[in-house]
Structures are given as C-alpha cells and as structure tokens.
Amino acid sequence: MKQILQSLKTGTVELADVPCPAPGRGQILIQTAMTLVSAGTERMLVDFGKAGWLDKARQQPDKVRMVLEKVRTDGLMPTLEAVRNKLDQPVALGYCNVGTVIAVGPGVESFSVGDRVASNGKHAERVVVPVNLCARVPDGVSDESAAFTVLGSIALQGIRLVGPTLGECVVVTGLGLIGLMTVQLLRAHGCRVLGLDYDPAKLELARRFGAETVDLRAGADPVSAATAFSRGRGVDAVIITAATRSSEPVHQAALMCRKRGRIVLVGVTGLELSRADFYEKELIFQVSCSYGPGRYDPNYEDRGQDYPVGFVRWTEQRNFEAVLDMLAGGAIDAAPLVSHRFGIEACERAYEVVGGAEPSLGILLHYPDAGSARAGERTVALPPPATPRAVAAGRGAMVGVIGAGNYAGAVLVPAFAATGARLRTIASAGGVSGLHAGRRNGFEQATTDVDALLADAEIDTVVVSTRHDTHARYVLQAAAAGKHVFVEKPLCLTLDELARIGEAAGGPTAPLLMVGLNRRFAPQVARMRELLASAPGPKALVMTVNAGAIPASHWTQDPVVGGGRLIGEACHFIDLLRFLCGAPIVQAEVAAMDDATLDTFTLTLNFADGSLGTVHYFANGSKAFPKERVEVFAAGRVLQLDNFRRLTGFGWPGFKSMNLWRQDKGQRACALAFVEAVRAGGPAPIPLDELLEVARVSIELAGRKRACRA
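Bear in mind the structure is a predicted one, so any value in this text is a computation, not a measurement.

The rules behind each value
Residues numbered from 1 in each chain as written. Predicted model: local features only at pLDDT ≥ 70, side-chain atom pairs only at ≥ 80, totals over all residues. Heavy atoms only, no water. Helix = DSSP H or I, 4+ residues; strand = E, 2+ residues; numbered from the N terminus. Buried < 20%, exposed > 50% of the residue type's maximum accessible area, 1.4 Å probe, protein only. Contact = heavy atoms within 4.5 Å. Areas by Shrake-Rupley, 256 points an atom, 1.4 Å probe, with all protein chains shown as cover. Lys, Arg positive; Asp, Glu negative; His and termini not counted. Charge placed at Lys NZ, Arg CZ, Asp CG, Glu CD. Pairing = 2+ DSSP bridges. Axes fitted to C-alpha atoms, helices over the stretch in contact; angles between N-to-C directions. Parallel < 35°, antiparallel > 145°, perpendicular 65-115°, else oblique. Nonpolar A, V, L, I, M, F, W, Y, C, P; charged D, E, K, R; others polar. Core = buried A, V, L, I, M, F, W, Y, C linked by side-chain atoms within 4.5 Å. Right-handed = clockwise from strand over helix to strand, strands pointing away.

1. Quick look at the overall build of the protein
Regarding its fold elements, the protein presents 23 helices and 31 strands. Taken over the C-alpha atoms alone, the protein extends approximately 90 × 60 × 50 Å along its principal axes. With 710 residues in all, the protein has 53% of them scored as buried. Partitioning the intrachain contacts of the protein with sequence separation of at least 6 by distance along the chain shows that 67% fall at a separation of at least 24. When the accessible area of the protein is evaluated, it comes to approximately 29,800 Å², of which 54% is carbon and sulfur surface. Charged side chains of the protein number 75 positive and 72 negative; the gap between the two group centres comes to 4 Å.

Here is the structure:
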C-alpha cells in the first residue's frame, strides 16, 4: 500500500510502498477515502526536518541536554550514532483519516465491516486504528467534512476546558484550521467571539462564522480591542490556537481577561509567564491535551478500556462523535476551510504547499475508490541497497527478523547485518519500521505477516525482538518450524512458558536457542573472564546499575506485557555475574525499595563455588553517574569495569587497564557467535542450561519482589 513518510533528517516527503497492516485485538482495518493535512503540526515537522543540525538543536533544547548527558556516560561516538539513528527513522505523517472498515480484529463489537468511520489514522491507503480512536460517520456528513473530525475534537477539548456559558465573551488567538473550528463551536455554545490573526482571508472566514475580528497585521492593539469587545469588563476567556515561539500571546491573553478569567493553550507558544499578569487577577491557565480524556493512556487507546460515561462524559472518542454530530447538524461548516485538494500520488506537491509561501488552509488528500491493486499486500519486496552488503559464502543463516522497534533497528539488526548472514525478511506490526530497517540493512523483503515469515522454507534462523509478552510464543513457533532462534532478552515471562521452552529446545535434534545476553560477549568482559580463571577461590562480584527512572505507565513496567524491569533488564546482569563466576546460582534473594514501580532493588546471588554476587539496580540516581559498573574482588585483586569503556586492574600481575575508544557491550560479537554456530551446526554460544537458569532466577525473584509489595 502507499503511505506518506517524512524524513526528520532532511524534511523530504516520500510516498512509500509499505506492507499492509492487519488488525489486532481491539483494532479495525480501514480503507482510506480521504485524509486532511494538519497544516500546523505537519508544517512544524517539515520545517524541523529541513533545518540544519544547529537549528534542530535550538528547537529542542531538552533533547540537547539528554544528548550531552549521554556523551558523558556513553562517549561521543555512540551518542552521535544514536542521534543519527533517531533522525534517520521516517515519520508516518497524518492523523485525520476517513474511510471504510474492511476488517475487524478480535474483541471488536462496536464496528462492523462496511462502516464509514473517522479516525486518527495516518496518510495511508489502509490504516489500523484502535476502536477508541474511531467514530462512525453519520450518513449526512461527506468524507471531506468528516476529515475535519480530529481537528474539531482538538478545538472542542480546548472549549471544554474553558467551560463557556451562554453569552460569555471569548477571544480566539490564531485563526488556522483549529482556530476557525473553535470559533464555530463557541458560536454554537452561544458565546460572543473575538478572533485575532494576521491573515485577512482567515479573518474574513472568522467573520463569516459570526466572530468579530482584529487584524494584527494592521497594527491594531488586541488588548484595547478585547476591552472594548467585553464592554470594559475584560473577556471571560481566551483560547490560544496559534503556533509561535513567542510568549506574547499568553501575556496578551492575561491582559485581556477579567478577574478570574480563564486561559487555555491549545496551540504551541512560548511559556515565559509573568507572575504579576496572573497574580492580581487570579487567572486560570491550562494547557489542553489533544483530543480529550484518554489521550496517551495506553489502557484507553491501545487496550480499549473505555471510561465510564457517568464519570468521564467526554472522552476523545465521544468528542469525535460530538464533532460529527455538529457537522451533521450544520453547526460546523467545514467546506469553507478547504483550500486545496490533491490525489495521494501528488503528496509531494501537497507538502510543497504546506511548507511554502502559497496561501493555504485545509489540504485534503484523496485516495483511490477501491485502493490500489497492491494495497492489501502484507509483504513487499525491497530494492537492493545502493552499496551491496557483503554476504558470507556457504550455506546456513538465512535470517528472518520479527520486530523492528528502536533497539532492533538501531542495534540488533545492524549487528546481524555485520555477520554476513543473508537477510531475508523483516516483520513489524505497522510496516513502517520494518520497511525502514529492511531498506537500511539490505533485507530482501518487509512484511506485517509473521506467520508467512515463519512458514518461509528459505528462512532457517529467526531473530525475535518484540514486546516481552510475545517472546515465548514466537520462540515456540519458530522452534516448531525447525528454525534456530535468537530472542532478545528476556527469554519469557513465566515459569510455565520457561518449562515449555526447555522441553522444545532440549532435544538432541532441536534447533539452536540463543538469548541476547550480550554483555558476556563484550571484549572487556572476555578479558575479565580470562584473568579470573587464574584467581583461586571464591569471588565477590558487585554490579551497580544506574538504570534511571521510567514511568510506571511504560509497557516494560506492566507485569503482563513487559514483566517489569527485573525480568526485562536485570536478567542481563544476573547472566553477567553468572558468566564471570563460572558456577551455577544456588540461592538468590531480592530486597526492593518501596517506591511506585519497585524498580530500585538489590539482588543477592550465591554460587555453587562459594562466590557471592550482588546486583544493585537503582532507578533513583543521577544521569551524570556511569550507567553500569562491575567490580570483582578475588584472591587479593580487584577488577573494575566502568560503562564498558574502561577496565582497570588492581593487584593483577601484568595487567593494569584495557580502555576502549567507544563503548562495546558485545552486541555484534553476540550476534556473530550465534550466526557462526548456526553455520557450523552448533553448539550454542550460551549453553541451554545457563539460559534456562538465568531466566528461572529472574522470574522467581520478580515474583518474590511483587509478593513483598502485596
């Protein structure tokens, strides 16, 4: 199918051939008829992409601080590589979609095939959207009008936060698409409206919709105009729908308001606020969040858990429905807001208008009535790379990859590409990330059909890098298909899954199983293992992980989906100490800090040879401190490894240090060891009993940690 993608690196817009997605649980598949370009949001993305490195940095100072922190901990080159990878990822544009439902996923009862719906779907011939981000379009509303549903909901949410009453005076600052829809909705509320803008054409439209206006280009004083408009009392509220870096709109809004007036920011402005502006009048200032309650809540948006109407009357979906009802009743007139119409094949011309000086307002993109002949294909062939990738001679290691998220695209897939393996197919749920990683690393095809990948007889090796709750399923499916499996950590989330994997992988003819426990393959860790082999007696090992906090709402924190940070990440460090010690774990304990997420904890490991290991996994430290430090005390000597860059020996004959120019956590060596084992016919780089042992210890400790909290 055709989909519009934009490069954050250059700002270039591309109409790409992307694999068609399939609806999952609680999702619907929509054949697109029409999409609306959000001129404000999408112009900012285009402008950001076209900006140089310095301008990009100026636009995102918070990201610059994050980059500098990463340089201090990880070094310059890994940081630059991470930034380049981030900017190299294409952005799927658009969030105002109208089309017809052509398939529904499991658990969907509120929509049926054939329904015409408005959603926040992308600019693509077919889109998959969760049910709570869709609304059925009334028969009397055209596709062109329905395309304004999402923008209308943004306007409506700002109005709901203002809470206007009949007869109140409200100023709308900025008369773009959202501002003009805000004017119409306020008029429908029975409010008197004053619109501010620099564009005479937009001011004329606002007057057509019943507002009085102030032409800022002519030098009119908006504060004096608002005072006169409110009969000298000050306006009741100001809704700011402008996009500017200046803080002046907020300052002006405060001067316009009456005592205890309300200001809601729907657009984007500077926020250097004056306390005096707000203090004397006791003004209320609030920032509106997109379409309404439910936005950015994964339980609502992704899992379809609606809020009870008695407690949350207006969710984002119910705001969609309200806007569609207003369109059907004529309270909103979208037709005058359309300035351009293009077919999807002319999208580059459309974005020239978006980013250029030509006057524009609502830009509509039309799609073929029945979609293109290839719109439903879930696998697409990829062109060969401009620079052919070297593929090792010999048979074996024909790779298929499931999952193309941030880590897979930036680290894991390039690591497998560097092995010289033949890269056959990469699968991703939405298609875009797989397409990008596939084109960048020399895959033959990209797909959204995992079953087809697993059924491909040419593929003998499967790499799994998906969300943690899917790991066990894909490992078992791949093993049943007779394919070697490399699964990114963790191996699985439950002891039942672990037992089934152990049974499937334990036979004498079973394919190889490998988990991405890469730190044991880091060059400095290999040197530590060599040195420790000459140290008699038990060892004391201390691993300190300055992990940093992540929100409790992040999917990795969900015990069902991500397993929590002990299973999802601390397994790395359990395995590392297990490898350095070279003996099985016979006892393990956990003590967790009683915080919101239980991701600050200490693990104590006792090994069969009498060694003692401690893993301090802390989420409450400073980013300025190294992220990972390993210390080993043995036979009157000490080894200290800081952040996989600096290894120092104390008391070791003939060894003082081993320092690297750039951090190396062993990802490429880990992938190469696995591919070479596949080519040679085994054995696996990490023995199966160690993989199962580390997974079992991690799962059991996580269970005890949660039990202590309960």
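Still more to cover.
2. So, the environment of tyrosine 198
Mapped onto the elements of the fold, tyrosine 198 is located in the loop between strand S10 (192-197) and helix H8 (200-208). On the basis of relative accessible area, tyrosine 198 is assigned to the exposed category, the value being 54%. Each C-alpha atom of the pair tyrosine 198 and serine 360 lies 14 Å from the other, and the pair is 162 residues apart in sequence. Non-local contacts of tyrosine 198, meaning those with residues more than four positions away in its chain, are made with Asp215, Leu216 and Arg217.

3. Let's talk about unusual backbone geometry
With an omega of -5°, the peptide bond between lysine 489 and proline 490 qualifies as cis. One non-glycine residue with positive phi stands out, namely serine 290, at about 55°. With respect to the helices and strands, the residue serine 290 is situated in the loop between strand S14 (284-287) and helix H12 (298-301). Phi at phenylalanine 644 takes a positive value of approximately 55°, unusual for a residue other than glycine. As for its position among the elements, phenylalanine 644 is in the loop between strand S29 (637-642) and strand S30 (646-650).

4. So, the sheet that holds S10
Overall, parallel pairing links the six strands, which are arranged S11-S10-S9-S12-S13-S14 in an open sheet. A single partner strand is all that each edge strand has here, and the edge strands are strand S11 (212-215) and S14. The sheet shows a mean angle of 15° between the axes of neighbouring strands, taken without regard to direction. Two elements, strand S9 (residues 169-173) and strand S12 (residues 235-240), share four bridges in a ladder whose sense is parallel. Along S12, the bridge assignment pairs valine 170 with alanine 237.

5. With respect to the packing of helix H6 (residues 149-162) against helix H13 (residues 316-329)
As a packed pair, H6 and H13 sit with axes 9 Å apart at the nearest point and diverge in direction by 105°. Viewed along their axes, H6 and H13 adopt a mutual orientation that is roughly perpendicular. Contact with H6, carried on its side by Thr149, Val150, Gly152, Ser153, Leu156, Gln157 and Arg160, involves Asn319, Phe320, Ala322, Val323, Leu324 and Leu327 of H13 and no other residues of that element. Across the contact of H6 with H13, the residue classes tally to seven nonpolar, five polar and one charged.

6. Section: the nonpolar core
Ranked by internal contacts, the top residues of the largest apolar core, which has 176 residues, are Ile28, Leu151, Leu337, Leu491, Leu513, Leu580 and Leu603. Setting aside its immediate chain neighbours within four residues, leucine 151 contacts Leu36, Ser38, Tyr95, Cys96, Leu177, Ile178 and Met181. Counting residues in hydrophobic clusters, the runner-up holds 22 residues, among them Leu196, Val214, Val223 and Ile263.

7. Remarks on the pairing of S11
Relative to S11, S10 runs parallel, the two sharing four bridges. The residue bridging leucine 196 from the neighbouring strand is valine 214, located in S11. Once you follow S10 into H8 and on to S11, the crossover reads as right-handed.

Geometric descriptors of this kind do not, in isolation, establish any biological role.
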